[in-house]
Amino acid sequence: MITVAIGYCPGGCVSSATEITLHTYHYYEGNNSTKPGYYEGKLPASDWDRISAEVDKIDINSLHTEDTPVADDTWIEVLIKSEGRITHLKSVTYKKMPAKLMKVINLVLGTSKKVKLTKSDESYPFKTTYQQTNIVVKPKFAPVNR
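Residues numbered from 1 in each chain as written. Predicted model: local features only at pLDDT ≥ 70, side-chain atom pairs only at ≥ 80, totals over all residues. Heavy atoms only, no water.

1. A word on the nonpolar core
A general trend in soluble globular proteins is that nonpolar side chains are found buried together.
Right, so step 1: Within the largest apolar cluster, 26 residues are counted, with the highest numbers of intra-cluster contacts made by Ile-2, Ile-51, Val-78 and Leu-101.
Right, so step 2: Per-element tally for this core: the top contributor is helix 2 (residues 99-110), with six residues.
Right, so step 3: Apart from residues no more than four positions distant in its own chain, Ile-51 is found in contact with Ile-2, Ile-20, Leu-43, Val-104, Leu-107, Val-108 and Thr-111.
Right, so step 4: Residues Ala-5, Ala-17, Tyr-28 and Tyr-38 belong to the second largest nonpolar core, which totals six residues. (Core = buried A, V, L, I, M, F, W, Y, C linked by side-chain atoms within 4.5 Å. Buried < 20%, exposed > 50% of the residue type's maximum accessible area, 1.4 Å probe, protein only. Helix = DSSP H or I, 4+ residues; strand = E, 2+ residues; numbered from the N terminus. Contact = heavy atoms within 4.5 Å.)

2. Considering the confidence of the model for the chain
Right, so step 1: A residue-level look at the chain finds 82% of positions with pLDDT of 70 or above and a mean pLDDT of 80.
Right, so step 2: Here helix 3 (residues 129-132) stands out as the least confident element of the chain, with mean pLDDT 66; strand 7 (residues 118-119) is the most confident, with 95.
Right, so step 3: In this model residues 134-146 is a low-confidence stretch, pLDDT under 50, and it forms 19 contacts with partners more than four residues away in sequence or in other chains. (pLDDT = per-residue confidence, 0-100.)

3. Observations concerning the pairing of strand 3 (residues 25-29)
In regular strands, side chains alternate between the two faces of the sheet.
Right, so step 1: Judged by how many residues are buried, strand 3 sits mostly within the fold: five of five residues are covered.
Right, so step 2: Burial of the side chains of strand 3 extends over both faces: Tyr-25, Tyr-27 and Glu-29 are buried on one face and His-26 and Tyr-28 on the other.
Right, so step 3: The pairing of strand 2 (residues 16-20) with strand 3 spans five bridges and is classified as antiparallel. Following the sheet pairing, Ala-17 is matched in strand 3 by Tyr-28.
Right, so step 4: Here strand 2 hands over to strand 3 after four residues, the two strands then running antiparallel side by side. (Pairing = 2+ DSSP bridges.)

4. Here we look at the packing of aromatic side chains
Right, so step 1: Scanning the entire structure with this criterion turns up four aromatic pairs.
Right, so step 2: With a centroid separation of 6.4 Å and an interplanar angle of 20°, the aromatic rings of Tyr-38 and Phe-126 are classed as stacked. One end of the pair, Tyr-38, is in strand 4 (residues 37-41); the other, Phe-126, is in the loop between strand 7 and helix 3, with 88 residues separating them in the sequence. Pair check on accessibility: Tyr-38 and Phe-126 agree, each one buried.
Right, so step 3: A ring pair is formed by Tyr-124 and Phe-126, whose centres lie 4.9 Å apart and whose planes are at 80°; its orientation type is edge-to-face.
Right, so step 4: A relative accessible area of 18% places Tyr-124 in the buried class.
Right, so step 5: Of the residues examined, Phe-126 reaches a relative accessible area of 2% and is grouped as buried.
Right, so step 6: Through a chain of ring-to-ring contacts, the aromatic side chains of Tyr-28, Tyr-38, Tyr-124 and Phe-126 assemble into a single cluster. (Phe/Tyr/Trp six-rings, centres within 6.5 Å; stacked < 30°, edge-to-face > 60°.)

This is the structure we're talking about:
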C-alpha cells in the first residue's frame, strides 16, 4: 500500500489523497478542486508494478523527513506499507522529501489522470494526518517576535 497526501498548499493547488494497493484505488480531492469528494477506481496492474518496483529500489528504513510547519510551503505526506510495516513520512515541501522517494510520489500523483474514477457516496478513511486533522486550509501561525 502507498498513500500520498497533499495538505495545505499556498498556491491554490488541490488538496488530495491517493491510496493504492494491488487491488484497490482510493482518491480524494478537497480545497480548490473542480471535483471535490471521494472516488474509487482500479489502477492497471502495470502501473502498480512500476510503482512497486520504484519502492523496492528504496531502503525505506533509511528515509527521514522534517515536520516543521511553514506557512508558505506545500505540505506533503507519504505512507508506505510493506511487509506488514508502515513507514510514515511527513514533510513540509517536496524539496524536503527525500530525493529517492520523489519518483514514487510523482508516479502516484499522476495516477489520478490514468484511472477511471467513480464518485463514492461514502468517505474513505485515509490514514494520513492531513485527513484526520483536516489540514487542508491555511494554518494559523503565531507571530514571530523579533
